[in-house]
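# An overview of the molecular structure
One letter stands for each residue in the lines below.
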Amino acid sequence: MLIKGPGPIPSDALQYFKAKVSKPEFDWRDIWREEHAHAFTVAKATQLDVLDSIREALDKALAEGRTYRQFARELTPELQRMGWWGKAIMEDPLTGEVKGVQLGSPRRLKTIYRANMRTARAAGQWQRAQRTKKALPYLIYELGPSREHRAEHEAWHGTLLPVDDPWWDTHMPPNGWGCKCRVRQVTQREYDRLVKNGTPAPGRAQVIDSDTGLPTGHREEKTTPVKTTAPAIHHVAWKNKRTGVTEMVPEGIDPGWDTNPGKARQQNLEEVLAGKLAGMPREVVAVAKRDIDFYQNRASA
């Protein structure tokens, strides 16, 4: 049976993923915020061969538009062969504590697949938005196909702002583990129409028979006004137990997800092009140089 996947990933998104530097780490909190723009890591995948196997499988899934099922079916036996599967006892290199941990599992592979697929596509979409913002100057925030949504994400649905509005620095989806929210580019003409008529509200309401008061089995779309002013950002304190540092995280966004992965990579690239290398981590410079080669080769093709 042919399993239809999400389709091959755009070249900008694939480049975002391929140029990353592999960085084995014990805990997801060891790679923080913008670091994810240039580092590929999987918590507890502290052996480089294991990390590289996961990375190669993701690379293939991204390039070929493979489904999670296809990704997991091929990768699972490889990880089992390498001993990176199920429960294990490991020493935390930061604290020296020996503890039971979860290595590979269907649930973990699904999280790895979804997080990397969505962030790569978001980064690629940002690159395209920068190239096309003259014709498509706005982004609109839309809910994805999740059965349930965070209340804050529902409140952000219909937010319609210029591509370069600073709100997208922290709220470019995905905005957390499992978040399926998305943005869509909008022309000035559509912007005017959306401001006048609104945008489809999440879900569709049941049509109720006026005589019986019972559902008819039909649904009707409703609209909701768009928001052309950036929603207020309320921060909450969250302590990173790995570092002991208390971070201020926007309410409604999971810790570490309040970044714009495409913009972070773009800024690194611009700094390298400007010769601002002093103090920049080597892996950041390496990734920026890979991006430079990619875009230069594409421009000359």
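Residues numbered from 1 in each chain as written. Predicted model: local features only at pLDDT ≥ 70, side-chain atom pairs only at ≥ 80, totals over all residues. Heavy atoms only, no water.

### With respect to unusual backbone geometry
A cis amide bond links P173 with the next residue in sequence, P174, at an omega value of 10°. Its identity is not glycine, yet R33 carries a phi of approximately 45°, on the positive side. Looking at the element boundaries, R33 is found in the loop between β1 (21–22) and β2 (39–40). A positive phi is found at K44, a non-glycine position, where the angle reads about 75°. Examined against the element boundaries, K44 turns out to sit in the loop between β2 and α2 (48–64). (Helix = DSSP H or I, 4+ residues; strand = E, 2+ residues; numbered from the N terminus.)

### With respect to the packing of α2 against helix α3 (residues 68–81)
Contact geometry of α2 with α3 gives a least axis separation of 10 Å together with a crossing angle of 165°. Between α2 and α3, the angle is such that the two are roughly antiparallel. In the crossing of α2 with α3, the sense of the turn from one axis to the other is right-handed. Facing V50, S53, I54, A57, L58, K60 and A61 of α2, the residues of α3 in contact are F71, E74, L75, E78 and L79. (Axes fitted to C-alpha atoms, helices over the stretch in contact; angles between N-to-C directions. Parallel < 35°, antiparallel > 145°, perpendicular 65-115°, else oblique. Left-handed = near helix turned anticlockwise from the far one by under 90°. Contact = heavy atoms within 4.5 Å.)

### Remarks on the sheet that holds strand β5 (residues 138–142)
If you walk across this open sheet you meet the three strands as β6-β5-β7, and the pairing is antiparallel. One side of each edge strand has no neighbouring strand; the edge strands of this open sheet are β6 (160–162) and β7 (182–186). Across the sheet, the mean angle separating the axes of adjacent strands is 30° when strand polarity is ignored. Strand contacts of helix α4 (residues 106–132): β5 and β7, with the helix running at about 15° to β7, the strand carrying the most contacts. This element, helix α7 (residues 188–197), spans β5, β6 and β7 of the sheet and lies at about 115° to β7. (Pairing = 2+ DSSP bridges.)

### Section: the confidence of the model for the chain
Parts of the prediction with low pLDDT should not have their coordinates interpreted in detail. A residue-level look at the chain finds 91% of positions with pLDDT of 70 or above and a mean pLDDT of 89. Ranking the helices and strands of the chain by mean pLDDT puts β6 first, with 98, and strand β9 (residues 205–208) last, with 56. (pLDDT = per-residue confidence, 0-100.)

### Looking at the side chain of T119
In this structure, T119 sits in helix α4. We classify T119 as buried; its relative accessible area is 17%. Within polar-contact distance, the side chain of T119 engages the backbone oxygen of N116 at 3.4 Å. Among all residues touching T119, those that are not within four sequence positions of it are Y16, P174, W257 and P261. (Buried < 20%, exposed > 50% of the residue type's maximum accessible area, 1.4 Å probe, protein only. Polar contact = N/O pair within 3.5 Å; in protein donor to acceptor, adjacent residues only side chain to side chain.)

### A look at the environment of M117
Mapped onto the elements of the fold, M117 is located in helix α4. On the accessibility criterion, M117 (8% relative accessible area) is buried. The spacing of M117 and R81 is 36 residues in sequence and 25 Å in space, taken between C-alpha atoms.

### A closer look at α7
For α7, the set of buried residues is E190, Y191 and L194. The buried residues of α7 occupy an angular sector of 105° when projected down its axis, which confines them to one face. Turned more than 90 degrees away from the buried face of α7 sit R189 and K196, all of them exposed. Where the residues of α7 are buried, they touch β5, β6, β7 and β8 (199–200). With its phi angle positive at about 85°, G198 sits one or two positions after the end of α7. (Arc of directions from axis to C-beta.)

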